[in-house]
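A closer look at the structure
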Amino acid sequence: MVEYNAPIRDYEFLYNEVLDAIPTAQRLGFVDFDAEFLSMLMEGWAEHTTEVWLPINQLGDIEGLKFEDGTIKMPQEFKDAYREGIEGGWMSTSCKPEHGGMGVPVFFQSVTWAEFGTAANMAMSVLPALSVGVYEVLTEHGDQELIDYFATNLASGEWSGTMCLTEPHAGTDLGIITTKAEPQEDGTYRVSGTKTFITYGEHDMTDNIVHLVLAKTPGAPESTKGITLFLVPKFLPAEWESGGVEALSQELMATHNGVTCSGSEEKMGLHASPTCVMNFDESIGWRVGELHEGMSLMFQMMNRERVATGMMGIGLAEIAYQNALAWARERRQGRDLKGMQDPNERADNILVHPDVRRMLLEAKVNNEGCRALAAWTGLLLDQMSSEDPEEAEYANALISLFTPIVKAHFTDLGCETASTCMQVMGGAGYCSEFGVEQFYRDVRISRIWEGTNGIQALDLTGRKITQNMGKNLRHLMWPLTEFIEENRDIPEMSEFNKPLHQGVRGLQHLTLLLIAEGQANPHFLAAGATDYCRYFGNILLAYMWARMARVALESVGDPFYDAKIASARFFFKRIFPETVGLAAKIQAGHKPMMEYPEAMM
Ligand SMILES: Cc1cc2nc3c(=O)[nH]c(=O)nc-3n(C[C@H](O)[C@H](O)[C@H](O)COP(=O)(O)OP(=O)(O)OC[C@H]3O[C@@H](n4cnc5c(N)ncnc54)[C@H](O)[C@@H]3O)c2cc1C
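Each chain has its residues counted from 1, running along the sequence as written. Whole-chain, interface and lining totals are the exception, using all residues; otherwise, since this is a predicted model, local features are given only for residues with pLDDT of at least 70 and side-chain atom pairs are given and counted only at 80 or more. Heavy atoms throughout the structure, all of them, feed into the side-chain values; hydrogens and water do not.

This part takes up the overall build of the protein. The secondary structure listing takes helices from DSSP runs of H or I that are at least 4 residues long and strands from runs of E that are at least 2 residues long, numbered from the N terminus. A tally of helices and strands in the protein yields 19 helices and eleven strands. C-alpha atoms define the radius of gyration, and 2.2 Å times the number of residues to the power 0.38 defines the globule rule. In terms of C-alpha radius of gyration, the protein reaches 25 Å, essentially the compact-globule figure of 25 Å for 601 residues. Burial status follows relative accessibility: with a 1.4 Å probe on protein chains alone, a residue under 20% of its type maximum counts as buried, one over 50% as exposed, and anything between as partly exposed. Expressed as a percentage of the 601 residues in the protein, the buried residues total 58%. Any two residues whose heavy atoms approach within 4.5 Å at even a single point are treated as in contact. Put simply, of all contacts in the protein between residues at least 6 apart along the chain, 73% involve residues at least 24 apart. Total accessible area on the protein is roughly 24900 Å²; 51% of this is exposed by carbon and sulfur atoms. Reported accessibility uses the Shrake-Rupley method at a 1.4 Å probe radius. Residues are deemed covered only where the shown protein chains occlude them.

In structure tokens form, the structure reads like this:
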């Protein structure tokens, strides 16, 4: 039986003691949002996910979905659970109250909601996450008539959303998509083309599906510069035949819009999340945003989705950890090397073995470090909309840097942790009965979708560190160097502060090296990108662990805070040293791979 305790206490510590999230939220306009309400929200969501979503997670994996005659039938239990979520108002926590949403800060939806939801049932959680993403793009960039018609149903979850980017020949390279959009006299477009791998492209959980489709208008420039974004619903609005967008009503009529599904992929995990081939045949669509601005708008949506994807890494790693730990507490094998612990038993508990502790602590400490960075990232997502231009610029700069790191580093660690937790459980970890192997299969996609982790690393290295003349990095260096200075003379902090300082110096050195060598030979920069992204991720986690330790040192003697200090110590002694090896790999440059004879590969 799979267990899950949502880490509410950890989030309370982060939001209230490490990050001062409540005053920031109130300053940003969430005047009634306080710590008590945040705790209630977390408790309510934790209860919903553990009592409604978690019990059907394994059923979704085993039963999966059924593709029949162009339709996808979801398990009835999923439909019931989804409806309960709508009735509880859980699908729209960050959507605006005027559209029926709760209107709470983005950090709750993007971080805490995402972690609890994905841990309990990743296949289910991606449906509302996509709908909220579509809602955000639509309400920020769509025409008012479109907002009036689609926003409320997307916010409530009555209708769902998709992101239609990928085509059979165009995955990472979206510049070569061939889906076309022909302008019409009434201001609409006819969209035609085939999209593959579309998550929840077709299903029977909602009455309508609202697709955001990337396409090219006639004569558009080649490459991503010619891409425009369109909203294409599965079903057309009721009054479509009698008028334009102005005549739309809230009533849905089954006027099929030429959007069909011709298949759903069989895949390693996420069996209850449809992955569809979608065909658009002269489907009526509305432009969202300006002509040829599609990629930048889609990137806005993808940035939030990339943070949400990072949270999948933490969510699945956390539930895998909790179950591996519970299992390890019961398992007895071998004896403590320093002498038997339980002479009355035939063997000691496996927690006496340093290697088992290593695995579990790597999982715990990485999960908690990532959660801390995620909580900060979530708060920055809110600060991006600050009316204070300096605060908004600072938040934008950090989000630019953090998004690829959160996506890539958290999901790399998520996959590694799920695998490690299987290892803790020995053969039981590999067997379906105990659930952890499903987490491993489910989380694996997170390294691939929303742009592969290799592409995230290139985005960080090739774009984000040099963007705005290096301003992004400068915005990060201020709080980092200030923290290091403030803690320089505190003896209890030196075990954390010193390695952090060394690591930051290393980061500056490696950044300059990549920029300088990369100008002469782009292969040098690209060859080191993944290692640099991981190095950078470690620096950010080190900063968060040092900040958490600083707070925890004020409350020594309380088990929660003592554990934080012990975790910080484990991080700096057992995880952070990998930066030394990463630096060596970055410095080795491109030759070991690019001079390797291709024919011999
Ligand atoms: C289960 C599932 C759900 C999905 N959901 C959606 C969805 O809802 N909507 C949607 O639009 N798409 C979706 N996708 C598609 C997903 O986003 C793509 O699979 C992903 O972006 C990678 O594209 P690709 O598969 O074509 O790989 P490719 O682009 O062919 O890449 C293959 C390899 O080459 C590397 N590579 C490619 N180009 C470069 C480069 N320039 N530099 C360095 N390395 C490079 C990649 O990192 C990768 O390792 C989904 C995919 C899956 C499997």
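Patch definition: residues with relative accessible area over 30% and no salt bridge; like charges joined within 9 Å; nonpolar side chains (Val, Leu, Ile, Met, Phe, Trp, Tyr) joined within 5 Å. We count a salt bridge whenever a side-chain nitrogen from Lys or Arg sits within 4 Å of a carboxyl oxygen from Asp or Glu. For this count, His and the chain ends are skipped, Lys and Arg are scored as positive, and Asp and Glu as negative. By convention, charge coordinates are those of NZ in Lys, CZ in Arg, CG in Asp, or CD in Glu. Residues Glu 63, Glu 77, Asp 80, Glu 84 and Glu 87 make up a contiguous surface patch of negative charge. Ranked by residues supplied to the negative patch, first place goes to helix α5 (residues 76-87) with four residues. Asp 80 sits in the partly exposed class, given a relative accessible area of 44%.

Among the secondary structure elements, Glu 167 is positioned in the loop between β3 (159-164) and β4 (180-183). Side-chain polar atoms of Glu 167 contact the side chain of Thr 179, separated by 2.6 Å. Residues in contact with Glu 167, not counting those within four places in the same chain, are Ile 177, Thr 178, Thr 179, Thr 194, Lys 195, Thr 196 and Leu 214. Pairs of N or O atoms are called polar contacts if they sit within 3.5 Å, as long as, within protein, a hydrogen donor faces a hydrogen acceptor (for residues adjacent in sequence, only side-chain-to-side-chain pairs).

A separate point is helix α14 (residues 467-487). A helix's residues, less one, multiplied by 1.5 Å, set its expected span. A rise of 1.5 Å per residue sets the reference length of α14, with its 21 residues, at 30 Å; its end C-alpha atoms lie 30 Å apart and thus fit the reference within 8%. Remark: the principal bend of α14, roughly 30°, maps to Arg 474. Packed against the buried residues of α14 are α9 (354-383), α10 (389-424), α13 (453-464), α15 (494-520) and α16 (522-552). A residue's bend is the angle separating two fitted axes: one through the seven residues that end there, the other through the seven that start there.

Put simply, a residue is near a molecule or strand once any heavy atom of it comes within 4 Å of that molecule or strand. Close to the ligand lie 18 residues, the nearest being Met 163, Thr 166, Thr 172, Phe 197 and Thr 452. Between Thr 166 and the ligand, the recorded distance is 2.7 Å, taken from a side-chain N or O atom to a nitrogen atom. In this structure, a nitrogen atom belonging to the ligand sits 2.7 Å away from a side-chain N or O atom of Thr 199. With the chains in place, 61% of the 980 Å² that the ligand exposes on its own is no longer accessible. Residue assignment for the shell around the ligand shows that the elements contributing at least two residues are β3, β5 (189-199) and α13.

With that out of the way, let us pick up the packing of aromatic side chains. By convention, a stacked pair of Phe, Tyr or Trp rings (six-membered ring in the case of Trp) has centres within 6.5 Å and planes under 30 degrees apart, an edge-to-face pair has planes over 60 apart, and any other such pair is tilted. Per the stated rule, a full pass over the model turns up 25 aromatic pairs. Taken together, a centroid distance of 4.6 Å and an interplanar angle of 45° make the contact between Tyr 15 and Phe 107 tilted. Here the residue Tyr 15 occupies a position in helix α1 (residues 8-18), and Phe 107 occupies one in helix α6 (residues 106-141), the gap between them amounting to 92 residues. No difference in accessibility class separates Tyr 15 from Phe 107, as the two residues are buried. Site record: aromatic cluster; members linked through ring pairs are Tyr 11, Tyr 15, Phe 33, Phe 37, Phe 107 and Phe 116. Sitting above the plane of the Phe 560 ring, Arg 9 keeps its charged end 4.0 Å from the centroid. Whether a charge sits over a ring depends on NZ of Lys or CZ of Arg being within 6 Å of the ring centre and within 35 degrees of the ring normal. The residue whose ring lies beneath Arg 547 is Trp 376, and the NZ or CZ to ring-centre distance is 5.6 Å.

Let's shift gears to the pairing of β4. Two faces make up the sheet, and in a regular strand the side chains alternate between them. Strands are treated as partners if at least two bridges between them are detected by DSSP. Bridge count for β4 against β5 is four bridges, and the pairing is antiparallel. In the strand pairing of β5, Glu 182 is matched with Arg 190. What sits between β4 and β5 in their antiparallel hairpin is a turn of five residues, with Gly 187 showing a positive phi close to 95°.

The next subject is empty space enclosed by the protein. Each cavity reported here is a set of points on a 1 Å grid over the protein atoms alone in which a 1.4 Å probe fits but cannot get out, each pocket an open set with protein on both sides within 12 Å along at least five of seven lines, and each lining residue one with an atom within 4 Å of a point. Grid points are joined across faces, edges and corners, and a volume is the space filled by probe spheres set on the points. Summed over all chains, the structure comprises five cavities of 30 Å³ or more. Roughly 140 Å³ of internal volume is contained in the largest cavity. As for the largest cavity, its lining consists of 13 residues, and the residues nearest its centre are Gln 109, Ser 110, Ala 129, Val 132 and Ala 308. Taken together, the elements giving at least two residues each to the lining of the largest cavity come down to α6 and α8 (294-330). Per-element tally for the lining of the largest cavity: the top contributor is α6, with nine residues. Basically, the charged four are Asp, Glu, Lys and Arg, the nonpolar ten are Ala, Val, Leu, Ile, Met, Phe, Trp, Tyr, Cys and Pro, and anything else, Gly included, counts as polar. Taken together, the residues of the lining of the largest cavity sort by class into six nonpolar, four polar and three charged. Estimates place the volume of the second largest cavity at around 50 Å³. Secondary-structure elements contributing two or more residues to the lining of the second largest cavity are α10, α13 and α16. Taken together, the residues of the lining of the second largest cavity sort by class into three nonpolar, three polar and two charged.

All right, on to the layout of surface pockets then. The volume enclosed by the second largest pocket comes to roughly 340 Å³. Lining the second largest pocket we find 18 residues, and of these Glu 318, Tyr 321, Gln 322, Lys 364 and Glu 368 sit closest to its centre. Residue assignment for the lining of the second largest pocket shows that the elements contributing at least two residues are α1, α8, α9 and α17 (559-575). The biggest single contributor to the lining of the second largest pocket is α8, with five residues.

What follows concerns the environment of Ala 123. With respect to the helices, strands and loops of the structure, Ala 123 is situated in helix α6. When the C-alpha atoms of Ala 123 and Asn 57 are compared, they prove to be 7.9 Å apart, with 66 residues separating the residues in sequence. Dropping the residues within four chain positions of it, Ala 123 is found in contact with Phe 78, Tyr 200, Leu 270, Ala 272 and Ser 273.

In this section: the domain arrangement of the protein. Domain ranges listed in this record stem from an automatic or a database domain assignment. Domain boundaries in the protein define domain 1 (8-139), domain 2 (161-292) and domain 3 (452-601). Relative placement of domain 2 and domain 3: their C-alpha centres are 40 Å apart.

According to the stated counting rule, one finds 29 salt bridges in the structure shown. The partner of Glu 391 in a salt bridge is Arg 27, with the nearest N and O atoms 2.8 Å apart. Placement of Glu 391 in helix α10 and of Arg 27 in helix α2 (residues 21-27) is noted, with a sequence separation of 364 residues between them. The partner of Lys 464 in a salt bridge is Asp 459, with the nearest N and O atoms 2.9 Å apart.

Let us look at the nonpolar core. Side-chain atoms within 4.5 Å are what join buried Ala, Val, Leu, Ile, Met, Phe, Trp, Tyr and Cys residues into a set we call a nonpolar core. Ranked by size, the top nonpolar core spans 158 residues in total, and within it Trp 376, Phe 402 and Phe 536 carry the most contacts. At 18 residues, the largest contribution of residues to this core is made by α16. Once residues lying within four places of it in the same chain are set aside, the contact partners of Trp 376 are Leu 19, Tyr 394, Leu 398, Phe 402, Leu 476, Tyr 543, Met 544 and Arg 547. Counting 35 residues, the second-largest nonpolar core is a separate cluster that includes Val 137, Leu 174, Leu 236 and Met 295.

Counted residue by residue, α1 has eight buried out of eleven residues, so it is predominantly covered. Looking at the residues trailing α1, positive phi occurs at Asp 20, about 55°.

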